[in-house]
Amino acid sequence: MTERYVVGVDTGLSGTLRAADHLLRDLATHQEPFAVVFSCIDSRVPPELVFDQGLGDLMVIRTAAHTHDGLVTGSLEYGPAELGAPLLVVLGHQRCGAVTAAVKSFRDGVRLPGHLADIARDLRAPYEEARRQGAAPEQLVEATIRAQTRQTVAGLRSDRLLRPLVAAGTLRVVGAYYSLDTGEVTFSD
């Protein structure tokens, strides 16, 4: 592979994939991921490393606080509907920065700048759920993260394209939570 760099910028990226030649050849013609993972963009939570998986194992979709719109939902549908991936994991994580910023903006009554406001808008319902459930102020961020995961799982299970797969038992949609402190993932149904 040829390494490419922007003049004057050291990216720290080599541009060289280190994988066995036979694996690269096989994956060049098809893919069969066993799971789709929908997670946050947080640099501390790369799903391939969190789940110790390699090339071709996971289809990963990442957005801030795993918020989604039609384009993201279409990406999530692709793995199960087109490739037959039998598992879709919605991965929330401890101390999510996007959720922290949204919760602070709600409490302070301050609109986040730019499209960050769109992320906060998508997190309003999980925030309100966390408040209704009586989360203490110091636990509101973590409660909102968990509510966001639950609501996302419920929404994907009822998605018009995914619902028949779930009903047939060919797709399982589960929530998960990654602890930054311990590196452990806990799953919920």
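The coordinates are above.
Residues numbered from 1 in each chain as written. Predicted model: local features only at pLDDT ≥ 70, side-chain atom pairs only at ≥ 80, totals over all residues. Heavy atoms only, no water.

Draft legend 1. Geometry of the overall build of the chain. A tally of helices and strands in the chain yields 7 helices and 5 strands. Counting only residues that meet the buried cut, the chain has 38% of its 189 residues in that class. Contacts in the chain between residues far apart in sequence, at least 24 positions, make up 62% of those at least 6 positions apart. Accessible surface for the chain amounts to roughly 11,100 Å². Of this, 54% is attributable to carbon and sulfur atoms. (Helix = DSSP H or I, 4+ residues; strand = E, 2+ residues; numbered from the N terminus. Buried < 20%, exposed > 50% of the residue type's maximum accessible area, 1.4 Å probe, protein only. Contact = heavy atoms within 4.5 Å. Areas by Shrake-Rupley, 256 points an atom, 1.4 Å probe, with all protein chains shown as cover.)

Draft legend 2. A look at the sheet that holds strand β2 (residues 58-62). Spatial ordering of the open sheet is given by β2-β1-β3-β4-β5, a layout of 5 strands whose pairing is mixed. Two strands bound the open sheet, and with one partner strand each, they are β2 and β5 (185-188). The mean angle between the axes of side-by-side strands here comes to 25 degrees, regardless of whether they run parallel or antiparallel. Pairing of strand β3 (residues 87-93) with strand β4 (residues 172-178) involves 7 bridges; the strand directions are parallel. Note on β4: the bridge partner recorded for G92 is Y177. (Pairing = 2+ DSSP bridges. Axes fitted to C-alpha atoms, helices over the stretch in contact; angles between N-to-C directions.)

Draft legend 3. Quick look at unusual backbone geometry. One non-glycine residue, D52, lies in positive phi territory at about 55 degrees. Residue placement: D52 occurs in the loop between α2 (47-50) and β2. Among the residues examined, D52 registers a relative accessible area of 69% and is labelled exposed. Backbone geometry at A65 places phi at a positive 55 degrees, although glycine is not the residue there. Tracing the chain through its elements places A65 in the loop between β2 and α3 (70-83). Residue class for A65 comes out buried when judged on its relative accessible area of 4%.

Draft legend 4. Structural view of the pairing of β5. Relative to β5, β4 is paired through 4 bridges, and the arrangement is antiparallel. The residue bridging A176 from the neighbouring strand is F187, located in β5. Connecting β4 to the antiparallel partner β5 that follows it, the hairpin turn spans 6 residues, and G183 within it adopts a positive phi of roughly 80 degrees.

Draft legend 5. Local environment of the nonpolar core. Ranked by size, the top nonpolar core spans 18 residues in total, and within it C96, V99, V103, L123 and I145 carry the most contacts. Those elements that place two or more of their residues in this core are α4 (97-108), α5 (116-132) and α6 (140-157). Here this core gets 5 residues from one element, more than from any other, and that element is α5. The residues touching I145, leaving out its near neighbours within four places in the chain, are G92, H93, Q94, R95, C96, V99 and Y177. Counting 14 residues, the second-largest nonpolar core is a separate cluster that includes F38, M59, I61 and L88. (Core = buried A, V, L, I, M, F, W, Y, C linked by side-chain atoms within 4.5 Å.)

Draft legend 6. The arrangement of the side chain of E142 in detail. By the element assignment, E142 lies in helix α6. For E142, the side chain forms a polar contact with the side chain of Y177, separated by 2.2 Å. With near-sequence residues (within four places) excluded, E142 lies in contact with Q94, R95 and Y177. (Polar contact = N/O pair within 3.5 Å; in protein donor to acceptor, adjacent residues only side chain to side chain.)

Draft legend 7. Examining the pairing of β3 more closely. The buried fraction of β3 amounts to 6 of the 7 residues, a majority that puts the element mostly inside the structure. Direction of pairing for strand β1 (residues 35-39) relative to β3: parallel, over a ladder of 4 bridges. Note that in β3 the partner of F38 across the bridge is V90.

Draft legend 8. Summary view of the packing of α4 against α6. Closest axis-to-axis distance for the α4/α6 pair is 9 Å, and the angle between their directions is 115 degrees. In the crossing of α4 with α6, the sense of the turn from one axis to the other is right-handed. The segment α4 lies against α6, with V99, T100, V103 and R107 engaging L140, V141, T144 and I145. (Left-handed = near helix turned anticlockwise from the far one by under 90°.)

Worth remembering: the numbers are spatial, not functional.
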